[in-house]
Amino acid sequence: MIRKLSSQRVLNVDLSDGRVWSEELPLEDLVLYLGGRGLAAKILYERTRRGVDALGPQNLLIVSSGTLTGTNAPSSGRTSITTKSPVTRLYLKVSVGGHIGAELRYAGWDHLVIAGAASTPKYLWIHDGKVEIRDASGLSGKGTREGDSLLKEELADDEIQTAVIGPAGERRVMFSSILCSRYNSASRGGIAAVMGSKNLKAIAIRGRGSIAVEEGKPYYELASQMRHALAGDSGSDSLFNWGTAGSIPGLNEMGMLAARNFTATSIEGSEKLSGQYLVDEGYLIGRESCFACSTACHRYVRTLSDRWGRVQESGPELETVLALGSECGITDTDSVLVANEICNDLGMDTISAGHVISWAMECYERGLLDQTKTDGLELRFGNAEAQHELLRRIADRKGAFADLLAEGTRHASQEIGGESWKWAIQAKGLEQSAVDTRMAKSYALAFAVNPRGPDHLMTETFAEFGLSKEARDVIRKITGDEKYANPRLLEKRAEIVDWHEKVYAASEALGFCVFTSTAAFAVNPANMAQLMALGLGVPMDEDKLMLAGSRIVNIERCFNVREGATIKDDTLPWRMMNEKVPSGPNEGMITDRPVLDNLLGQYYALHGWDLKTGAPLLSTLSALGLVQVCGDVAVDG
Amino acid sequence: MPQVRVLLFGLGDKAAGKRQLVQEIGPSATVEEVWRGLQVPGMESGTRDPADRQALLVLVNGEPIEYLDGWNTRLSDNDQITYLHKTVGG
Ligand code: SF4
């Protein structure tokens, strides 16, 4: 079966009654919301009600292929998974690599909307225009690796693409993750707990169809030019050579390496966590790519000692080595590889898992916890054995302490009491990724307004550091002057965040990896728009694309407003606003409440959002043509 | 004679290799001059070319030279200069 690239075919599955049906979304919506993440946000808004129980059958789990996914557009195979988060109780979008997005398109659909909840464990088998809801009782309790292997065995096809949850997702751990295409973790916000609440253990997909673009020759020529430009970008080499963990030496030397639950800014032995060290010492045995990507930033690694157990699997990302390594005071390479594998196999978000434990370690060091309260674990910084054991217990919710931590740091700190809430590096209920927002002001603003909580995976403003010519060019384009390429400045931060929000939204809607557009910069709004126009045969240019990005940002904001979010939720973890950077080149820096309020004021004004409530103004939604979609939560003005 | 400490990451045989040198500098020496004068066995010769410098992250006392005076940043006694490969992604 050959389908047009402009097709937006939705596969609806209701697990409560087993109904399955397809629908085609109108082309106008594709132009207005760009597809992928954009259309998923609209579907979530329109098809759920205010206050929907995130773990109830009325919540939706929406798997969306990027609009250009399935073609050779460079690094265009990213997939968005959208839902309401059980931990923040707000909008949640997770972007994941691998191959499931392309496979879904080849199987005949562009979005998968899952509603309801099955009464017994099930998996979805989607193949070449057919859908089956199958018994998954044989997969229950299995890790994601075994789950992937068993599905391939049962379906007698090694080429299938899977999305599998582990025991953590089945037990609704609030930071459980879905492993896609075996190696790619869809993490943050407890996305797998939503899948677990639906009694859906896995999705298996196989497609042998293809996708046709409107204007083939110019489309493939432009895609090829973009691929070459990407290969020439100064960022691409380092991603291939050392992966994301190649940034460890630079972060450590710049005093920006989060360590010991954000109480230190560098750590002795940090080089052993670096991507360079993995290469030098022989931990790295291969590089992995997502669909249509030649950057290949993912790692395939092995342990070199038996001390913590043998591992030969997908390797850790930068955020993983920070969360499970330096933040927990651990710099033993083998230990971090094993901890990463425990998380991936049991299905847990390494960022939150590491930070829940680093928070508990700080509580222990300060005397708020002891072994009577930790079910016997000596949770000191640097205790890798205790960390591994606790990770396993959390995934199983084994014991009262692990069960408490499985709810995330916000809830756990409320239960432990004392001043522990100050050391919980979270906002909106989500553990912050290991970026020090005290010195980088666009990051601080972007993290505070991030609809899913404070991390770098909705809007990364790396360009504000101005460390490459390409980055400084982007800042000049946004602000008119490259002098604003300095993360410590307060001026123009709202503009920088606004531009990146839209580019992130557009990139993910089309399926592009944001590393190509906001870390390397060869994929940009102009060439994305041109490619979309050629591929779909629709009118599209840079301005229209950015306007569509703005629509996506506004719908996501409206979802949170409908759920009761206000400007009070646009905040950062207490430590990030109240404790100055303790040491290193950035010593004494802080993004305190007045500074953040100032940045937020500029940001709301730029967005046309109410300064008192943070809700979009009616005039803003009207200008974007969104009144019919989400005007019910707008504020007059 | 004023001295500076020079740290080099990954510029020799090993990607994670770290070298530390102490270098004497003349009055008002710059980051550029120190870089040109480095004598380090095994250091990639290519990175000496101006074009390849785009791939280097250079810090003076932990501060990227982009926020200072670039390659013309003047050095003082006891400054620490770090040269490493630029990286991206998180
Ligand atoms: S750059 Fe890395 S994360 Fe992005 S698409 Fe390529 S392999 Fe995947």
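For clarity, every value in this text was computed on a predicted model and none was experimentally measured.

**Concerning the interface of chain B and chain A**
And step 1. Contacts between the two partners involve 24 residues from chain B and, on the opposite side, 33 residues from chain A.
And step 2. Here chain B and chain A share an interface that buries about 2,300 Å² over both sides, 61% of which is from carbon and sulfur atoms.
And step 3. On the chain B side of the interface with chain A, the three residues burying the most area are Y67(B), V88(B) and G90(B), jointly 30% of the side's total.
And step 4. Our enumeration of links across chain B and chain A arrives at two salt bridges.

**A look at the sheet that holds strand β17 (residues 312-314) of chain A**
All names here are of chain A.
And step 1. Taken in spatial order, the three strands make up an open sheet running β15-β16-β17, and their pairing is antiparallel. The two strands at the open ends of the sheet, each matched to only one other strand, are β15 (284-288) and β17. The average angle at which neighbouring strand axes cross in this sheet is 20 degrees, direction not considered.
And step 2. Both strand β16 (residues 298-302) and β17 contribute to a ladder of three bridges, which runs antiparallel. Directly across from V301, in β17, lies its bridge partner E313.
And step 3. Here helix α8 (residues 234-242) sits on the sheet in contact with β15 and β16, set at roughly 20 degrees to β16.

**Points about the nonpolar core**
Considering soluble globular proteins, one finds that nonpolar side chains tend to be buried as a cluster.
Residues and elements named next belong to chain A.
And step 1. By size, the foremost hydrophobic cluster in this structure holds 95 residues, and its most contacted members are M348, L379, L390, L391, I394 and L405.
And step 2. Dropping the residues within four chain positions of it, L391 is found in contact with L324, A339, I342, C343, L346, M348, A353 and I357.
And step 3. Core analysis: the second largest hydrophobic core is formed by 71 residues, I62, F291, M532 and I552 among them.

**Some points on the packing of aromatic side chains**
Residues and elements named next belong to chain A.
And step 1. For the structure on display, the rule yields 14 aromatic pairs over all chains.
And step 2. Put simply, the rings of Y443, F447, F462 and F465 touch in pairs and so form one group of aromatic residues.
And step 3. Sitting over the ring of F240, R287 keeps its end group 4.5 Å from the ring centre.

**What to know about the side chain of Q23(B)**
And step 1. In this fold, Q23(B) is placed in strand β2 (residues 18-24).
And step 2. On the basis of relative accessibility, which here comes to 18%, the residue Q23(B) falls in the buried class.

**A word on the environment of G243(A)**
And step 1. The residue G243(A) is located in the loop between α8 and α9 (248-253) in this model.
And step 2. Expressed as a C-alpha distance, the spacing of G243(A) and R299(A), which sit 56 residues apart in the sequence, is 6.8 Å.

**Here's the deal with the domain arrangement of chain A**
It is common to give the size of an interface as the accessible area lost on bringing the parts into contact.
All names here are of chain A.
And step 1. Partitioning chain A into structural domains gives domain 1 (2-212), domain 2 (233-426) and domain 3 (441-521 + 541-610).
And step 2. Of note, the centres of domain 1 and domain 3, computed from C-alpha atoms alone, are 28 Å apart.
And step 3. Contact with domain 1, which involves 40 residues of that partner, is made by 29 residues of domain 3.
And step 4. Buried area between domain 1 and domain 3, summed over both chains or domains, comes out near 2,800 Å², and the portion from carbon and sulfur atoms is 62%.
And step 5. There are five salt bridges connecting domain 1 and domain 3.
And step 6. K84 is paired through a salt bridge with E563; the nearest N and O atoms lie 2.6 Å apart.

**Some remarks on helix α22 (residues 525-536) of chain A**
Residues and elements named next belong to chain A.
And step 1. End to end, α22 covers 16 Å across twelve residues, agreeing with the expected 16 Å (1.5 Å per residue, within 8%).
And step 2. With ten of its twelve residues buried, α22 lies for the most part within the structure.
And step 3. Among the residues of α22, P525, N527, M528, A529, L531, M532, A533, L534, G535 and L536 are the ones counted as buried.
And step 4. As for α22, its buried residues are in contact with α1 (27-33), α7 (216-232), α20 (493-510) and α23 (542-562).
And step 5. The N-capping residue of α22, defined by a side-chain oxygen 3.1 Å from the backbone nitrogen of A526, is N524.

**A short note on the pattern of salt bridges**
And step 1. Counted under the stated rule, the structure contains 57 salt bridges over all chains.
And step 2. Of the charged contacts in the structure, one is a salt bridge between R182(A) and E313(A), with a shortest N-O distance of 2.9 Å. Separated by 131 residues along the polypeptide, R182(A) in the loop between β11 (178-180) and β12 (184-186) and E313(A) in strand β17 bring together distant segments of the chain.
And step 3. Classification of R182(A) as buried rests on a relative accessible area of 18%.
And step 4. Taking relative accessible area as the criterion, E313(A) reaches 10% and is therefore assigned buried.
And step 5. With a shortest N-O distance of 2.6 Å, R488(A) and E63(B) are connected by a salt bridge. Here R488(A), found in the loop between α19 (469-479) and α20, pairs with E63(B), found in strand β4 (residues 63-64), and the two come from separate chains.
And step 6. For E63(B), a relative accessible area of 15% gives the class buried.

Cut-off values and rules
- Residues numbered from 1 in each chain as written.
- Chains lettered and ligands numbered in written order.
- Predicted model: local features only at pLDDT ≥ 70, side-chain atom pairs only at ≥ 80, totals over all residues.
- Heavy atoms only, no water.
- Contact = heavy atoms within 4.5 Å.
- Buried area = accessible area lost by both parts, 1.4 Å probe.
- Salt bridge = Lys/Arg side-chain N within 4 Å of Asp/Glu carboxyl O.
- Pairing = 2+ DSSP bridges.
- Helix = DSSP H or I, 4+ residues; strand = E, 2+ residues; numbered from the N terminus.
- Axes fitted to C-alpha atoms, helices over the stretch in contact; angles between N-to-C directions.
- Core = buried A, V, L, I, M, F, W, Y, C linked by side-chain atoms within 4.5 Å.
- Buried < 20%, exposed > 50% of the residue type's maximum accessible area, 1.4 Å probe, protein only.
- Phe/Tyr/Trp six-rings, centres within 6.5 Å; stacked < 30°, edge-to-face > 60°.
- Lys NZ or Arg CZ within 6 Å of the ring centre and 35° of its normal.
- Domains from an automatic or database assignment.
- Expected span 1.5 Å × (residues − 1).
- Polar contact = N/O pair within 3.5 Å; in protein donor to acceptor, adjacent residues only side chain to side chain.

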